Amino acid sequence: MSIHIVALGNEGDAFHQDSRPSGLIRAYLGRSPLVSGDESSLLLSASGAAARPVFTEYQASAFGNVKLVVHDCPVWDIFDSDWYTSRNLIGGADIIVIKYNVNDKFSFHEVKDNYIPVIKRALNSVPVIIAAVGTRQNEELPCTCPLCTSDRGSCVSTTEGIQLAKELGATYLELHSLDDFYIGKYFGGVLEYFMIQALNQKTSEKMKRRKMSNSFHGIRPPQLEQPEKMPVLKAEASHYNADLNNLLFCCQCVDVVFYSPDLKEVAEAHKIVLCAVSHVFMLLFSVKSPADIQDSSIIQTTQDLFTINRDPAFPGASQESLGNPPLRVIVKDAFFCSCLSDILRFIYSGAFQWEELEDDIRKKLKDSGDVSNVIEKVKCILKTPGKFNCLRNCKTYQARKPLWFYNTSLKFFLNKPMLADVVFEIQAGIFQAMCLLICAEMYQVSRLQHICELFIITQLQSMPSRELASMNLDIVDLLKKAKFHHSDCLSTWLLHFIATNYLIFSQKPEFQDLSVEERSFVEKHRWPSTMYLKQLAEYRKYIHSRKCRCLVM
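Every chain is numbered on its own, with residues counted from 1 as its sequence reads. The predicted nature of this model means local features are confined to residues of pLDDT at least 70 and side-chain atom pairs, given and counted, to a pLDDT of 80 or more, with totals for whole chains, interfaces and linings taken over all residues. To get the side-chain values, take all heavy atoms of the structure and skip hydrogens and water.

**Student:** I'm lost on a nonpolar patch on the surface in this one. Help?
**Tutor:** On the surface, Met442, Tyr443 and Val445 cluster together to form a nonpolar patch covering roughly 350 Å² of accessible area. Structurally, the position occupied by methionine 442 is in helix 19 (residues 430-442). Candidate patch residues must exceed 30% relative accessible area and have no salt bridge, after which like charges are joined if within 9 Å and Val, Leu, Ile, Met, Phe, Trp or Tyr side chains if within 5 Å. Reported accessibility uses the Shrake-Rupley method at a 1.4 Å probe radius. Residues are deemed covered only where the shown protein chains occlude them. Salt bridge, as used here, is a side-chain nitrogen of Lys or Arg placed within 4 Å of a carboxyl oxygen of Asp or Glu. In DSSP terms, a helix is any run of H or I states spanning at least four residues, a strand is any run of E spanning at least two, and both are numbered starting from the N terminus.

The structure is reproduced here in structure tokens:
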């Protein structure tokens, strides 16, 4: 018998989120008297890249002969990059531990807003422990100076932790340090209680299954044929970063054109991408007003660097599209303008690869003073309103996440009319998903097409047999559309689906519209198969003979 524990989150501080094994879980496995295993067997394997593994797997023995498997996921990227793996981890867990550092309020709110709703949907009535690790900065100091007050404001309060525990129906623990008391007696005691409960539940279920198997009084029916497994459609990896860079290089759908001070065209870009990383561009494109931003340095940077030209007599204005011509932006600073293509590439890559940007600028500007001035202007563009510019050293920020994951991002503009030029009207239905799949195939958006395929498959799999029999959806028409629009995975899956539910779909009139090749495939893979029906008849005859024998006795 085994127990599976999934630990999520990083209890370290915000400035050391590296790939080191997480302290709480590793310390518990090494200190608990109920868990045995040497150092080599505890750290069994790690999955993911060498620099930042997705999770670390520990294996040990608990309570003598119970196998303990722990997956420790210090970073939450697994929910963004591999939803299926993360869902399976949570779904197969007997106990879930969510950890965070009380002095990292930003990460706490990021997890609470973005990932806790995902976890709630995937939970399956398993116990959850919320572990708040660390001592809050200046918690016990009565000082009311701005620095101490700011430190206390950057901590996660006990009330916030308890509220999170209520949302998940979890047990809340505060671990002020990772010593023997807090790990062995406090955290370990609660964890081992839930481990015992999980063992009791598994033992009870095992006994129920054993009783059910013994209720047949030794009857051994013929072995029935099993239905063929449906093909699995795997999710396609995201091409988000590559697509964003291609958007810049291919100059598709541009709505901003930058010009040098002598009115020569320099570069083209997209308002929404620029506004996603910079309040300067929000102010320039009137997405926000000066009253909204309330930061004089951002307002001054906007006025010093850029100006918008709407003069109809501008060179080339007569050749622009009459419908919605791109906005003309003149870059006032000549040095900044000469490096604009590198700066735009830096922004479209997530605005975090500072060292590469500095190297690119040095290749164009020989004077180190000019290089520093351009770098400082880029920092001012990326400044958050009301905060000091903390980007002092480019190299220290080289390993940070892309700026999309922080304050201002593309999701700020989701479902908002500002800068929008396309409106999607979507309903959670199979017919609408097929229409969207057709559009995705027409415009060669392969990932959207794949998402539509997954949605259609998920919807059909979740339907009970009674609903499949009574629904008006023409499954054969879906199959023909999938084939016509080159959705090979979906068309193959639909053929298996029709074969698996042969008794339902063979009674529908549209079944006759299948081609000879398609019907041959369905007949070959149909369920129940002819062999199964024959075996079932033998089984019923066997049961009948057993009943007759019991009556005679």
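Back to the text.
**Student:** Honestly, unusual backbone geometry in this entry has me stumped. Any pointers?
**Tutor:** Most peptide bonds adopt trans geometry, and most residues besides glycine take a negative phi value. A positive phi angle, close to 55 degrees, is found at glutamine 294, a residue other than glycine. Checked against the element boundaries, glutamine 294 lands in the loop between helix 13 (290-293) and helix 14 (296-305).

**Student:** Got a minute to help me understand the pattern of salt bridges in this structure?
**Tutor:** Where charged atoms from two side chains of opposite charge approach closely, those side chains can pair. All chains considered together, the criterion is met by 15 salt bridges. One salt bridge in this structure joins arginine 526 and glutamate 523, with 3.9 Å as the shortest N-O distance. Three labels apply to residues, based on accessible area from a 1.4 Å probe with only protein chains included: buried if under 20% of the type maximum, exposed if over 50%, partly exposed otherwise in between. For arginine 526, a relative accessible area of 17% translates into the label buried. The network of salt bridges with shared partners includes Asp342, Arg345, Asp360 and Lys364.

**Student:** Please explain the packing of helix 20 (residues 446-461) against helix 23 (residues 488-500) as it appears in this structure.
**Tutor:** When two helices pack together, you describe them by how their axes are tilted relative to each other and by the distance separating the axes. Note on geometry: axes are lines fitted to C-alpha atoms, helical ones only across the stretch in contact, with angles between N-to-C directions running from 0 to 180 degrees. Across the interface, helix 20 lies against helix 23 with an axial gap of 10 Å and an inter-helix angle of 10 degrees. The angle between helix 20 and helix 23 falls in the class roughly parallel. For the pair formed by helix 20 and helix 23, the contact residues are Glu453, Ile456, Ile457, Leu460 and Gln461 on the first element and Cys489, Leu490, Trp493, Leu494 and Phe497 on the second. Amino acids are sorted into nonpolar (Ala, Val, Leu, Ile, Met, Phe, Trp, Tyr, Cys and Pro), charged (Asp, Glu, Lys and Arg) and polar (every other residue, Gly among them). Considered class by class, the residues forming the contact of helix 20 with helix 23 number eight nonpolar, one polar and one charged. Any angle that falls under 35 degrees is termed roughly parallel, while one over 145 is termed roughly antiparallel, one within 65 to 115 roughly perpendicular, and all others oblique. Here, two residues are considered to be in contact whenever any of their heavy atoms come within 4.5 Å of each other.

**Student:** Any chance you could explain the nonpolar core here in plain terms?
**Tutor:** The tendency in soluble globular proteins is for nonpolar side chains to be buried as a group. Residue types Ala, Val, Leu, Ile, Met, Phe, Trp, Tyr and Cys, when buried and joined through side-chain atoms within 4.5 Å, form a set referred to as a nonpolar core. If you look at the biggest cluster of nonpolar residues, it comprises 46 residues, and the most contacted ones within it are Phe258, Leu274, Phe281, Phe285, Phe306 and Phe336. Beyond its immediate stretch of four places on either side in the chain, leucine 274 contacts Phe258, Ala269, Phe281, Phe285, Leu344, Ile347 and Tyr348. Ile98, Ile119, Ala122 and Leu168 belong to the second-largest nonpolar core, a separate cluster that totals 31 residues.

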